Amino acid sequence: QVQLVESGGGLVQPGGSLRLSCAASGSIFSIYIMGWYRQAPGKQRELVAQITSGGGTTYADSVKGRFTISRDMAKSTMYLQMSSLKPEDTAVYYCHPYPTNVMEYWGKGTLATVSS
């Protein structure tokens, strides 16, 4: 069974940076479009970035120019480099295939808190 383990979250001041990692078991990155999603307190989960098996990327307007999604196929790891962070970026971040209905399982996520 595929497992996804997110890490790298933490507390950072506005304007700071974090790099999130997603370690996956199996060859999920070569099979699915993969995405980084986030869920802020009291809000629905949203897709913030995605990367295709060919390496093409797209971003939500709210993070475009500030976040960069990438992956290392040899390490079965996907990354989300987050820069110029804002308080509204505070959320639990998850990696998961896109669209979400291709896999039921979700990892535990990693919490990123942007606060002074």
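Details of the structure are given in the entry above.
Model, not experiment: these values are computed from the prediction. (Residues numbered from 1 in each chain as written. Predicted model: local features only at pLDDT ≥ 70, side-chain atom pairs only at ≥ 80, totals over all residues. Heavy atoms only, no water.)

A. Examining the nonpolar core more closely. One finds Leu-4, Trp-36, Met-78, Leu-80, Met-82 and Tyr-93 to be the most contacted residues of the largest nonpolar core, which totals 28 residues. For this core, the elements supplying multiple residues, two or more each, are strand E3 (18-24), helix H1 (28-31), strand E4 (33-39), strand E5 (46-51), strand E7 (67-72), strand E8 (77-82), strand E9 (91-98) and strand E10 (110-114). Among the elements that take part in this core, E3 stands out by supplying four residues, more than any other. (Core = buried A, V, L, I, M, F, W, Y, C linked by side-chain atoms within 4.5 Å. Buried < 20%, exposed > 50% of the residue type's maximum accessible area, 1.4 Å probe, protein only. Helix = DSSP H or I, 4+ residues; strand = E, 2+ residues; numbered from the N terminus.)

B. Here's a closer look at the pairing of E3. In terms of burial, E3 is a largely internal element, five of the seven residues being buried. Summarising the sheet, strand E1 (residues 4-7) and E3 pair through four bridges and their orientation is antiparallel. Residue pairing in the sheet places Leu-4 in a bridge with Ala-24 of E3. One ladder, built from six bridges, connects E3 with E8; its direction is antiparallel. (Pairing = 2+ DSSP bridges.)

C. Main features of the environment of Cys-95. Within the secondary structure, Cys-95 is located in strand E9. Since its relative accessible area comes to 0%, Cys-95 is described here as buried. Ignoring sequence-local partners within four residues, the contact set of Cys-95 consists of Leu-4, Glu-6, Cys-22, Gly-35, Trp-36 and Met-78. (Contact = heavy atoms within 4.5 Å.)

D. Layout of the sheet that holds E8. As summarised here, the arrangement of the four strands in space is E1-E3-E8-E7, forming an open sheet in which the pairing is antiparallel. The sheet is open, and its two edges are formed by E1 and E7, each paired on a single side. Going from strand to strand, the sheet's axes swing by 15 degrees on average, the running direction of each strand aside. (Axes fitted to C-alpha atoms, helices over the stretch in contact; angles between N-to-C directions.)

E. Spotlight on the state of the cysteines. In the structure shown here, the tally under the stated rule is one disulfide. Two residues, Cys-22 and Cys-95, share a disulfide whose sulfurs are 2.0 Å apart. Taking the sign of the torsion about the S-S bond as the criterion, the disulfide between Cys-22 and Cys-95, at about 65 degrees, is right-handed. Taken together, the residues span a long stretch of sequence, with Cys-22 in strand E3 and Cys-95 in strand E9 at a distance of 73 residues. Across the pair, exposure class does not vary: Cys-22 and Cys-95 are buried alike. (Disulfide = S-S within 2.5 Å.)

F. Broad picture of the pattern of salt bridges. Applying the stated rule across the entire model yields four salt bridges. Close ionic contact of Arg-38 with Glu-46 constitutes a salt bridge, the shortest N to O distance being 2.7 Å. Its relative accessible area of 6% is what places Arg-38 among the buried residues. In this structure, Arg-38 and Asp-89 form a salt bridge, with 2.9 Å as the shortest nitrogen-oxygen distance. Within this pair, whereas Arg-38 is found in strand E4, its partner Asp-89 is found in the loop between E8 and E9, the two being separated by 51 residues in sequence. Owing to a relative accessible area of 1%, Asp-89 belongs among the buried residues under this scheme. Each of Arg-38, Glu-46, Arg-66 and Asp-89 takes part in one network of salt bridges that share partners. (Salt bridge = Lys/Arg side-chain N within 4 Å of Asp/Glu carboxyl O.)

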